[in-house]
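Examining the three-dimensional arrangement
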Amino acid sequence: MEKTRGKNPKQVTWVLLLKAHRAVGRVARIATLFWDLLGTIKRRLIFRQDVAMATEKLGKGKLLFAAIKAFLLTSLAILSFEVVAYFNGWHCFQNPSLHIPSDDDIQGLLHLVYVTWLPFRADYIAPLIQALSKFCVALFLVQSADRFMLSLGCFWIKYKKIKPRIEGDPFKSGDVEGCSYEFPMVLVQIPMCNEREVYEQSISAVCQLDWPKDRLLIQVLDDSNDESIRYLIKAEVATWSQRGINIIYRHRLERTGYKAGNLKSAMSCEYVKAYEFVAIFDADFQPSPKFLKQTVPHFKDNPELGLVQARWAFVNKDENLLTRLQNINLCFHFEVEQQVNGVLLNFFGFNGTAGVWRIKALEESGGWLERTTVEDMDIAIRAHLNGWKFIFLNDVKVLCEVPESYEAYRKQQHRWHSGPMQLFRLCLPAILTSKIAIWKKANLILLFFLLRKLILPFYSFTLFCIILPLTLFVPEAELPVWVICYVPVFMSFLNILPSPKSFPFIVPYLLFENTMSVTKFNAMVSGLFQLGSSNEWVVTKKAGRSSESDLVAATERESKITNQQHIPRGSSQSEFTEYNELKEQKEAAPIPIKKVNKIYRKELTLAFLLLAASVRSLLSAQGVHFYFLLFQGVTFLLVGLDLIGEQMS
């Protein structure tokens, strides 16, 4: 009574008006958010971020887009029925088995449609999903058996301590300059394109290779279209050239064929004929000074050897969760896949960098071709078909970076999974008609391409991103617990064994791999059916990071070289002037701004959806069934729209 004594009708009116104003404001905000959502959908479907897409560019992907749209609409329609059924209590029957209510229990037309849908779902939809799930489970078991056998092979190699060894001392003396006739002629190539962040440390590391200067030539193959970056790289090359390093800067006027075209152009130079081997390093790779002495001697007295591949080591593997998860996959790739295939088969896919090729092997295999985005795998297949053998050195590590942003990693994975399918279409006739043994042909077709490049993304996407969420729609089609949990967890443990420090990240790794299957499946389909994005090539962004020990050593070497640096007396005035101009341009170049990493909501949503679907399959609780259905419907919408927009662009 005391609180309301001082109030009058006018004050009460103002309070009610204020509350009404707040309510109208909330409704307006909700309407604005909904309108923005519709605008985003329109841009993704039609404009793809304000860029008009012509209908004729869809080409071969038109049928795929129609199938995705139909699947999305069907999923949303079924979701609507399930939402209504949940609120009305139609699906909450007392009997655990399917129960169809009598005519007296029918509450309306929509209830009748839902009741009609139940037997149709059990008799027609569930068997189809069950048959597809059995097919995918069979592929899943085959691929799991392949990975298990690779792991056993790795354990056997470790137990027997099998590794390539150099017989005797390949160099007669420790005096490098005094016995240069023992060292073969080696060409080192550094292909790069707009690599502002990493060009300096890469050129610096290669120029410090422990090899006679008169037996070594370094080619900096710059495809940059940014003039300021070209000036920076020229200045760096000029700096090392003044220090007595045999280094050449090359820039193509026509940038065709991407990296393959760059390497092909460099190998066409006349002076390349004087060299026996070529070492290739991407712009972010930093080989140790002993790299050539650890790799080139393996070619001695081994004329059938065409390639020596070193392992990658990552300076930024602990930078964030994304780099940690990438480190798990790449450690398994090098420690298990590359090492086992190298020891048992003398063949593996060339990683495109940190390797030394015999130039004769490249020439006899047809050289670099511009027909795919995986030119490294292409040349490896053709060299294998010509009878050349490969060696993988697990003990020789070359420092490099992994992508730190999801945007860069996603584009890299798209290229790595689209290119192999495109290459498989092109080289299948050559494999079938080659003169190699039948078991080698079977290994290439069945294991190398079909199982590891096609079946893996197909079953992982279909089984864990389609069938598993569909079991929420169709409870009659259930997946066994061992398919959902036991086998994936066991295989994840095998994948993490080469990097034991990553065991705390096993759950994020499992969800991350299932989520990435969307991108990998999309890339595989693009490459297999030659869609528009199959020829997409985007240079992976780097951060230019180095380990602390490397930075200290580089600083010490830089100080020593600077103290001893002098311009040779034979240098002309024009060269000296050009060197000073390049140095000034390098100092005046703007400092690049570091971009903030983007967060992709659909991948995160899909990851939690898969976890929720797994938990639901284990618990089978009706109370949480509706929330999983709602979560699943929204996620399918986001994923489908992104797939459509990505293919259209």
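Conventions and cut-offs
Residues numbered from 1 in each chain as written. Predicted model: local features only at pLDDT ≥ 70, side-chain atom pairs only at ≥ 80, totals over all residues. Heavy atoms only, no water. UniProt positions renumbered as here; feature names shortened; annotations may be inferred. Helix = DSSP H or I, 4+ residues; strand = E, 2+ residues; numbered from the N terminus. Buried < 20%, exposed > 50% of the residue type's maximum accessible area, 1.4 Å probe, protein only. Contact = heavy atoms within 4.5 Å. Areas by Shrake-Rupley, 256 points an atom, 1.4 Å probe, with all protein chains shown as cover. Phe/Tyr/Trp six-rings, centres within 6.5 Å; stacked < 30°, edge-to-face > 60°. Lys NZ or Arg CZ within 6 Å of the ring centre and 35° of its normal. Axes fitted to C-alpha atoms, helices over the stretch in contact; angles between N-to-C directions. Parallel < 35°, antiparallel > 145°, perpendicular 65-115°, else oblique. Left-handed = near helix turned anticlockwise from the far one by under 90°. Nonpolar A, V, L, I, M, F, W, Y, C, P; charged D, E, K, R; others polar.

Labelled according to an unreviewed UniProt entry, the protein chain appears under the name Glycosyltransferase 2-like domain-containing protein, originating from Gossypium gossypioides. What UniProt records for the protein chain under Subcellular location (unreviewed entry) is the sentence "Golgi apparatus membrane". Of the protein chain, the UniProt comment under Sequence similarities (unreviewed entry) reads exactly: "Belongs to the glycosyltransferase 2 family. Plant cellulose synthase-like C subfamily."

Turning our attention to the overall build of the protein chain. What the protein chain contains, in helices and strands, is 19 helices and seven strands. The proportion of buried residues among the 649 residues of the protein chain is 49%. Considering only residue pairs separated by 6 or more positions, the protein chain has 82% of its internal contacts joining residues 24 or more positions apart. For the protein chain, the accessible area works out to roughly 33400 Å², and carbon and sulfur atoms hold 61% of it.

Quick look at the packing of aromatic side chains now. Each aromatic ring pair is described using two quantities: the centre-to-centre distance and the angle formed by the ring planes. As enumerated under the stated definition, the model contains 23 aromatic pairs in all. Between Trp312 and Phe334 the ring centres are 5.2 Å apart and the planes differ by 50 degrees, which places this aromatic pair in the tilted class. Remark: Phe334 occurs in helix 9 (residues 321-344) and Trp312 occurs in strand 5 (residues 305-314); sequence separation between them is 22 residues. Exposure class is identical for Trp312 and Phe334. Each is buried. Aromatic rings pair up to connect Phe285, Trp312, Phe334, Phe347, Phe348, Phe350, Trp357, Phe390, Phe392, Phe424, Phe448 and Phe449 into one cluster. The ring of Trp240 carries Arg243 above its face, with NZ or CZ at 4.5 Å from the centroid. The ring of Phe448 has Lys453 sitting right over it, with the charged end atom 4.3 Å from the ring centre.

So, about the packing of helix 11 (residues 375-385) against helix 13 (residues 438-473). Between helix 11 and helix 13, the least distance of the axes is 11 Å, while the angle of their chain directions is 160 degrees. Judged by the inter-axis angle, helix 11 sits roughly antiparallel to helix 13. Crossing handedness for the pair helix 11 and helix 13: right-handed. For the pair helix 11 and helix 13, the contacting residues are Met377, Ile381, His384 and Leu385 in the first and Lys440, Leu444, Phe448, Phe449 and Lys453 in the second. The class makeup of the residues in the contact of helix 11 with helix 13 is six nonpolar, one polar and two charged.

Our next topic: the UniProt feature "transmembrane region" (unreviewed entry) in the protein chain. Here, the residues flagged by UniProt with the feature "transmembrane region" (unreviewed entry) are residues 63-87, 124-142, 444-473, 479-497 and 625-644. Annotated as residues 479-497, this span is 84% helix and 0% strand, and its ends, taken at the C-alpha atoms, are 28 Å apart.

Turning our attention to unusual backbone geometry. Here the phi dihedral of Asn194 falls at roughly 55 degrees; this positive angle occurs in a residue that is not glycine. In this fold, Asn194 is placed in the loop between strand 1 (186-192) and helix 5 (199-207). Of note, Asn346 is a non-glycine position whose phi angle comes to about 55 degrees, a positive value. In this fold, Asn346 is placed in the loop between helix 9 and strand 6 (355-358).

Two elements in contact, helix 11 and helix 12 (residues 406-433), have axes separated by 11 Å at closest approach and are oriented at 15 degrees. In terms of their interaxial angle, helix 11 and helix 12 are classed as roughly parallel. Seen along the crossing, helix 11 lies across helix 12 with a hand that is right-handed. Here Met377, Asp378, Ile381 and Leu385 of helix 11 come into contact with helix 12, specifically with Pro420, Leu423, Cys427, Ala430 and Ile431. Of the residues assigned to the contact of helix 11 with helix 12, the class counts are eight nonpolar, no polar and one charged.

Most of helix 11 is tucked away, with 11 of its 11 residues classed as buried. Listing the buried residues of helix 11 in full gives Glu375, Asp376, Met377, Asp378, Ile379, Ala380, Ile381, Arg382, Ala383, His384 and Leu385. On its buried side, helix 11 packs onto helix 7 (258-267), strand 6, helix 10 (359-364), strand 7 (389-400), helix 12 and helix 13. Two residues or fewer past helix 11, Gly387 is found with a positive phi of approximately 90 degrees.

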